[in-house]
Protein chains: 4
Amino acid sequence: MNNEKRPVNSGVKDSEFVRGKVPMTKAEVRAVTLSKLQLKNSDIVVDLGAGSGSLSIEAARLLTEGSVVSVERNPEAIAILKQNREKFGCKNITILEMEAPVGLDQIAYADKVIIGGSGGHLAELIDWANKVMPECGRLVMNMITLENLHIGWETIQHLGFDELELVQIFVSRGKGVGSVTMMMGENPVYVISGRKGRIHG
Amino acid sequence: MNNEKRPVNSGVKDSEFVRGKVPMTKAEVRAVTLSKLQLKNSDIVVDLGAGSGSLSIEAARLLTEGSVVSVERNPEAIAILKQNREKFGCKNITILEMEAPVGLDQIAYADKVIIGGSGGHLAELIDWANKVMPECGRLVMNMITLENLHIGWETIQHLGFDELELVQIFVSRGKGVGSVTMMMGENPVYVISGRKGRIHG
Amino acid sequence: MNNEKRPVNSGVKDSEFVRGKVPMTKAEVRAVTLSKLQLKNSDIVVDLGAGSGSLSIEAARLLTEGSVVSVERNPEAIAILKQNREKFGCKNITILEMEAPVGLDQIAYADKVIIGGSGGHLAELIDWANKVMPECGRLVMNMITLENLHIGWETIQHLGFDELELVQIFVSRGKGVGSVTMMMGENPVYVISGRKGRIHG
Amino acid sequence: MNNEKRPVNSGVKDSEFVRGKVPMTKAEVRAVTLSKLQLKNSDIVVDLGAGSGSLSIEAARLLTEGSVVSVERNPEAIAILKQNREKFGCKNITILEMEAPVGLDQIAYADKVIIGGSGGHLAELIDWANKVMPECGRLVMNMITLENLHIGWETIQHLGFDELELVQIFVSRGKGVGSVTMMMGENPVYVISGRKGRIHG
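Attention here is on the structure that accompanies the text. (Residues numbered from 1 in each chain as written. Chains lettered and ligands numbered in written order. Predicted model: local features only at pLDDT ≥ 70, side-chain atom pairs only at ≥ 80, totals over all residues. Heavy atoms only, no water.)

Side note on the relation of the copies chain C and chain B
Turning to step 1, where the next piece is worked out: With an axial shift of 0.0 Å and an RMSD of 0.0 Å, the rotation relating chain C to chain B amounts to 180°. This pairing of chains is accounted for by a two-fold axis. Closest approach to the rotation axis among the C-alpha atoms of chain C is made by C:His150, whose C-alpha sits 3.4 Å away.
Turning to step 2, where the next piece is worked out: Same-surface contact between copies: 100% of interface residues of chain C are shared with the interface of chain B. (Least-squares fit on C-alpha atoms with pLDDT ≥ 70 in both. Contact = heavy atoms within 4.5 Å.)

Quick word on the interface of chain A and chain B
Turning to step 1, where the next piece is worked out: Counting residues at the interface gives 40 residues for chain A and 40 residues for chain B.
Turning to step 2, where the next piece is worked out: Of the roughly 3,500 Å² buried where chain A meets chain B, counting both sides, 47% is carbon and sulfur surface.
Turning to step 3, where the next piece is worked out: When the buried area of chain A at its contact with chain B is split by residue, A:Glu4, A:Val8 and A:Asn9 rank highest and sum to 16% of it.
Turning to step 4, where the next piece is worked out: For the pair chain A and chain B, the number of links is six salt bridges.
Turning to step 5, where the next piece is worked out: Between A:Arg173 and B:Glu165 there is a salt bridge; the shortest N-O distance is 3.0 Å.
Turning to step 6, where the next piece is worked out: Summed over the shared surface of chain A and chain B, the result is 31 residue pairs in polar contact (both at pLDDT 80 or more). (Buried area = accessible area lost by both parts, 1.4 Å probe. Salt bridge = Lys/Arg side-chain N within 4 Å of Asp/Glu carboxyl O. Polar contact = N/O pair within 3.5 Å; in protein donor to acceptor, adjacent residues only side chain to side chain.)

As for the packing of helix H4 (residues 122-132) of chain B against helix H5 (residues 146-158) of chain B
Residues and elements named next belong to chain B.
Turning to step 1, where the next piece is worked out: Relative to each other, H4 and H5 sit at 30°, their axes nearing to 9 Å. It follows from the interaxial angle that H4 and H5 lie roughly parallel. With respect to the hand of their crossing, H4 and H5 are arranged in right-handed fashion. For the pair H4 and H5, the contacting residues are Leu122, Ala123 and Ile126 in the first and Asn148, Ile151, Gly152, Thr155 and Ile156 in the second.
Turning to step 2, where the next piece is worked out: Residue composition of the contact of H4 with H5, by class: five nonpolar, three polar and no charged. (Axes fitted to C-alpha atoms, helices over the stretch in contact; angles between N-to-C directions. Helix = DSSP H or I, 4+ residues; strand = E, 2+ residues; numbered from the N terminus. Parallel < 35°, antiparallel > 145°, perpendicular 65-115°, else oblique. Left-handed = near helix turned anticlockwise from the far one by under 90°. Nonpolar A, V, L, I, M, F, W, Y, C, P; charged D, E, K, R; others polar.)

Side note on helix H1 (residues 27-35) of chain D
Think of an α-helix as turning once every 3.6 residues; residues three or four places apart then point the same way.
Turning to step 1, where the next piece is worked out: Within H1(D), nine of the nine residues are buried, which leaves it mostly tucked inside the rest of the structure.
Turning to step 2, where the next piece is worked out: Turning to H1(D), its buried residues are D:Ala27, D:Glu28, D:Val29, D:Arg30, D:Ala31, D:Val32, D:Thr33, D:Leu34 and D:Ser35. (Buried < 20%, exposed > 50% of the residue type's maximum accessible area, 1.4 Å probe, protein only.)

Focus on the interface of chain C and chain B
Turning to step 1, where the next piece is worked out: Each partner contributes to the interface: chain C provides 10 residues, whereas chain B provides 10 residues.
Turning to step 2, where the next piece is worked out: For the pair chain C and chain B, the summed buried surface comes to about 770 Å²; carbon and sulfur atoms form 62% of the total.
Turning to step 3, where the next piece is worked out: Among the residues of chain C in contact with chain B, C:Leu146, C:His150 and C:Gln168 are the three that bury the most area, contributing 47% of the side total.
Turning to step 4, where the next piece is worked out: Seen at the junction of chain C and chain B, the total is three residue pairs in polar contact (both at pLDDT 80 or more).
Turning to step 5, where the next piece is worked out: Those elements that provide at least two residues to the side of chain C that touches chain B are helix H5 (146-158) and strand S6 (162-177) of chain C.
Turning to step 6, where the next piece is worked out: With six residues, H5(C) is the single largest residue contributor to the side of chain C that touches chain B.
Turning to step 7, where the next piece is worked out: Considering only residue class, the side of chain C that touches chain B consists of six nonpolar, two polar and two charged.

What about the pattern of salt bridges?
Turning to step 1, where the next piece is worked out: Within this structure, the stated rule accounts for 60 salt bridges over all chains.
Turning to step 2, where the next piece is worked out: Of the charged contacts in the structure, one is a salt bridge between D:Lys36 and C:Glu28, with a shortest N-O distance of 2.8 Å. Taken as a pair, D:Lys36 in the loop between H1 and strand S1 (44-48) and C:Glu28 in helix H1 (residues 27-35) lie in two separate chains rather than in one. A single burial state applies to D:Lys36 and to C:Glu28, both of which are buried.
Turning to step 3, where the next piece is worked out: Of the charged contacts, one joins D:Arg138 and D:Glu163 as a salt bridge, the two residues approaching to 2.3 Å between their closest N and O atoms. One end of the pair, D:Arg138, is in strand S5 (residues 138-143); the other, D:Glu163, is in strand S6 (residues 162-177), with 25 residues separating them in the sequence.

Remarks on the pairing of strand S5 (residues 138-143) of chain A
All names here are of chain A.
Turning to step 1, where the next piece is worked out: Taken across its six residues, S5 has six buried, putting it largely inside the fold.
Turning to step 2, where the next piece is worked out: Burial of the side chains of S5 extends over both faces: Arg138, Val140 and Asn142 are buried on one face and Leu139, Met141 and Met143 on the other.
Turning to step 3, where the next piece is worked out: Here strand S4 (residues 112-115) runs beside S5; their pairing, made up of four bridges, is parallel. Considered in S5, the bridge of Val113 is made with Leu139. (Pairing = 2+ DSSP bridges.)

Encoded structure:
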């Protein structure tokens, strides 16, 4: 792709992704999640619980020097992730099919970590993120359950991350029904983010 | 800035902007608004009702070949916009102090148009955007009043824009108060977007 | 029912109503809608677009002297409304199967009017409510489409209702999934209310 | 008040209450909270953290046989609560100025318990509610902090309450500014409710 037409911000539409029965992070939540990563061009981004890969793809297509490691345990999601990687031509995505935290030792380093899914191991994943990133690394997490909201918020504070932020994004979408526009509510997502603090690692 | 550290996505924090008494589009709404522009590196972006410039700055810092024209009528906002342009070193931002639509004829072309404020002339601004952009140009608007929500949605449909989308972004933010986290509601923002259709121009 | 156990506030659970494929106003929106009616015991309440009757039932069960007229055009909803009327033993509900505004002349008087559905005739229904109520009558409307939000808000202002209020109620509900609680977003509902002004009628 | 004009549902407007600097539960959240109590006419309702008394007043004015015990620790709130009790003529409200849970032994029985504020003792207050109510008593709690959301939800489940429900009410309100209507977001409130189970007490 020539430099003129190079995308310079997240902006892939939900409809462009290959879908399955795997839940997918919607466009607006992706936009917010990616903005809190404060992505730099050479970043190595790890996406834990990558699902069908919507966040991984959005990040990878922007990094002309960096790369993405997508971690996912669900074989159906992995299959879709691979299709998306091919569809978007993202050569800088490595897909690891495994159930984190088991196998995370394969990843030596990350500038940025996204936690989209945690399979019940959220605290351990946050702890791993804290270890694998250098100072000033950024962690951004999406939560849809109250239990993970609690664990995520408590753990990120406990581990000494700073620049902490917690927002709930509640989206309603206009859907055309005949000649009228119905507002359809989507599930609210909590986005927690922080920067790895100076002390820990 | 070297290419490694180049930002590749929106992600400036609200606290980094010079503020005034001028209302500022918050980070999450900026992220969503910018994602719907589907920015390309060489885009010329016009930001109507740029306010203190948060959207203009976020776009400009990503465009290594493109540029931004920020239009604003409020002298206080203009002053802050200039401070932000200097603070972020965005040489590719042109600031036009005027009350659109008067003076818009100075702008010959736009790939993308943002309407953040409309001073009561919303329909005319949308009409101008439709004329100044080529086919496939994208318009993204932020509304906080019901009247503009109605005018914006009706006008963009009437003028034949396609890929129409309307979402309401309702954010609540966790605020630390002592040892607890209070959820503070922010004003909901309607984000309407569309692509200039084939027929009109 | 003896006076001790008499219900003194809305509070019927969604699960207690006979359902069908007809959309039903959820408990929280019912609670808000009914509170803005400022119900008095002898009120005659007209429920336009009563659907399966959840609002009609909630109101009727509280009125030991008043009554409810439920207007609905959909035969499937009428059937369910009748089942609910029987289930809850609400002898003070009259059901009129008709497509308002046609047939509304059968209703001579109302203290309070609810508009839950309008079948595209919203402005006329609001106008009728303004005529059928005495001074200080109250109108409360639920909107889920942007077009009706606009028509409802413009019309109620235009007809001189006062004590105007517009709120959007956006509910998310915790759903147990295994051992976790997922927050599920529901469609936002706009609740517009006002009191018939002194001048008109 | 004669029986015709007797109020039969919550519906007091926010502006009717005496206010202070004490935060007040807004009308829509009051409506939802009261509906989940499933109030009966003879209920004895205990309102813990009654604040300025908006929930206590709404309940008391509906109970022609029941009564309300309002518990509050803040002297400023107590003063306002007393003014509201007088303004609304609610002879069936007893005000206890104390910091729960200390002093709760003064209350021998409750049909329904509301927890609006907990001063950091939420788990103990829920435990007390579980003991003071008979089978089928109902507890409804309002939370605005994440920590209390967690404690409230975990505790009510742990103590064996059933018919559990958790909703988040996110309200935006239209505010007239000149000739336009701005949507103003209010702080989201979590409303947790449950019925005392058969086993515990």
